[in-house]
Amino acid sequence: GWWGRPDDPNAPPHDAHLDGRASGSGGGGASVAGKDASRVRVPPMSAAPSALRFDAETAVRVLRTAGYHQHALCVASAAAQPDWILEILLDDAKAYDLAIEFLDTLPRPERARALRKHGKVLISHRAEDATRLLMELCIHPSASGAAPQAPPQQLPRLLASTAADDDYVASVADFAHLYSDRPTALLLLCE
């Protein structure tokens, strides 16, 4: 998307960058879908969120309120804010499968923190996938016997991961509250 000065002669028409009517190559950015949540996708998060020349939190809030979920995702990604990305995917776009894919790209400690906060919604809508993520977090990666999964190709690893992150193991007790209304699914997690 274009975020330049409004008086720039090379700028697209005022509303073209908001409703998807602008043409161009896209430059690897997100496909613009306006208010169409079915075409939402997560662009790569920025390595340098300080380069933004506007208040990203306000921009995300305004875009979400206006229903421009894809644009809000672009700003949240540029600001390197995984919590904002998950809130948009889960609360606004109802893109539960994409949220699961996004969580797979986060380092283990960040994934655990995000699941503590957003896991209830995911368990309500994608119980099996969310439980799989939790089970993976509660088992040391080398104990599973399987090679570590590469993140999905369209979602590169979003935050820098360290060796300590790769060794992070969560406790089932940290996530038991997410299953308060699904005791059978909690048994699966505990096995």
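Residues numbered from 1 in each chain as written. Predicted model: local features only at pLDDT ≥ 70, side-chain atom pairs only at ≥ 80, totals over all residues. Heavy atoms only, no water.

J.: For this particular structure, what's the right way to read the overall build of the chain?
T.: Counting secondary structure elements, the chain contains nine helices and zero strands. Ordering the α and β elements of the chain from the N terminus gives α-α-α-α-α-α-α-α-α. Across the 191 residues in the chain, those meeting the buried criterion constitute 37%. In the chain, 69% of the contacts between residues at least 6 apart in sequence involve partners at least 24 apart. Total accessible area on the chain is roughly 10,400 Å²; 54% of this is exposed by carbon and sulfur atoms. (Helix = DSSP H or I, 4+ residues; strand = E, 2+ residues; numbered from the N terminus. Buried < 20%, exposed > 50% of the residue type's maximum accessible area, 1.4 Å probe, protein only. Contact = heavy atoms within 4.5 Å. Areas by Shrake-Rupley, 256 points an atom, 1.4 Å probe, with all protein chains shown as cover.)

J.: I would appreciate a short explanation of the pattern of salt bridges in the present structure.
T.: Pairing is possible between side chains that carry opposite charge, provided their charged atoms lie close to one another. One pass over the structure, following the stated rule, counts 13 salt bridges. In this structure, the salt-bridge partner of Asp 83 is Arg 113, at a minimum N-O distance of 3.1 Å. In this pair, Asp 83 is assigned in helix H4 (residues 82-92) and Arg 113 in helix H6 (residues 108-125), connecting sequence segments 30 residues apart. Taking relative accessible area as the criterion, Asp 83 reaches 14% and is therefore assigned buried. (Salt bridge = Lys/Arg side-chain N within 4 Å of Asp/Glu carboxyl O.)

J.: Just checking my understanding: could you explain the packing of H6 against helix H7 (residues 127-137) for this structure?
T.: For the pair H6 and H7, interaxial distance at closest approach is 9 Å and the crossing angle is 155°. The orientation of H6 with respect to H7, classified from their angle, is roughly antiparallel. At the point where H6 passes H7, the crossing takes the left-handed sense. Every residue of H7 that contacts H6 at Arg 108, Arg 111, Ala 112, Leu 115, Leu 122, Ile 123 and His 125 is listed here: Ala 127, Ala 130, Leu 133, Leu 134, Glu 136 and Leu 137. Of the residues assigned to the contact of H6 with H7, the class counts are nine nonpolar, one polar and three charged. (Axes fitted to C-alpha atoms, helices over the stretch in contact; angles between N-to-C directions. Parallel < 35°, antiparallel > 145°, perpendicular 65-115°, else oblique. Left-handed = near helix turned anticlockwise from the far one by under 90°. Nonpolar A, V, L, I, M, F, W, Y, C, P; charged D, E, K, R; others polar.)

J.: Please explain unusual backbone geometry as it appears in this structure.
T.: For residues besides glycine, phi is generally negative; the peptide bonds are generally trans as well. In the Ramachandran plot, Ala 80 falls in the positive-phi region, its phi being about 55° despite a non-glycine side chain. Mapped onto the fold, Ala 80 is located in the loop between helix H3 (69-78) and H4.

J.: Even after reading the chapter, I still don't get the environment of Arg 113, so can you show me in this structure?
T.: A residue is classified by how much of its surface remains accessible, and Arg 113, at 33% relative accessible area, is partly exposed. When the C-alpha positions of Arg 113 and Ala 170 are compared, they lie 9.7 Å apart, and in sequence the two are 57 residues distant.

J.: Help me understand the nonpolar core in this model?
T.: Among soluble globular proteins, nonpolar side chains are generally buried collectively. Within the largest apolar cluster, 45 residues are counted, with the highest numbers of intra-cluster contacts made by Ile 85, Leu 89, Leu 103, Leu 115, Leu 122, Leu 134 and Phe 175. At the level of elements, helix H2 (56-66), H3, H4, helix H5 (96-105), H6, H7 and helix H9 (183-190) are the ones that each hand at least two residues to this core. Other than its neighbours up to four places away in sequence, Leu 134 contacts Leu 115, Ile 123, Phe 175, Leu 178, Tyr 179 and Leu 189. (Core = buried A, V, L, I, M, F, W, Y, C linked by side-chain atoms within 4.5 Å.)

J.: Just checking my understanding: could you explain H5 for this structure?
T.: Since the α-helix packs 3.6 residues into each turn, any two residues three or four apart lie on the same face. Of all 10 residues that make up H5, eight are buried, and the element is covered over most of its length. For H5, the full list of buried residues reads Tyr 96, Leu 98, Ala 99, Ile 100, Phe 102, Leu 103, Asp 104 and Thr 105. Buried positions along H5 lie against H4, H6 and H7.

J.: Where do I start with the environment of Ala 95 in this structure?
T.: On the secondary structure map, Ala 95 appears in the loop between H4 and H5. Counting along the chain gives 30 residues from Ala 95 to His 125, while the straight-line C-alpha distance between them is 10.0 Å.

J.: Quick question: what am I supposed to make of the confidence of the model for the chain here?
T.: Any segment with low pLDDT has predicted coordinates that should not be analysed in fine detail. For the chain, the average pLDDT comes to 75, and 65% of its residues sit at 70 or higher. The low-confidence segment residues 146-158 (pLDDT under 50) makes 27 contacts with residues lying over four places distant or belonging to another chain. (pLDDT = per-residue confidence, 0-100.)

J.: Can you walk me through the packing of H5 against H6 in this structure?
T.: The relative placement of two packed helices comes down to the angle between their axes together with the axis-to-axis distance. Orientation of H5 relative to H6, taken along the N-to-C sense of each, is 160°, at an axis distance of 11 Å. It follows from the interaxial angle that H5 and H6 lie roughly antiparallel. Two packed elements cross with a definite hand, and for H5 against H6 that hand is left-handed. Contacts from Tyr 96, Ala 99, Ile 100, Leu 103 and Asp 104 in H5 reach Arg 111, Ala 114, Leu 115, Val 121, Leu 122 and His 125 in H6.

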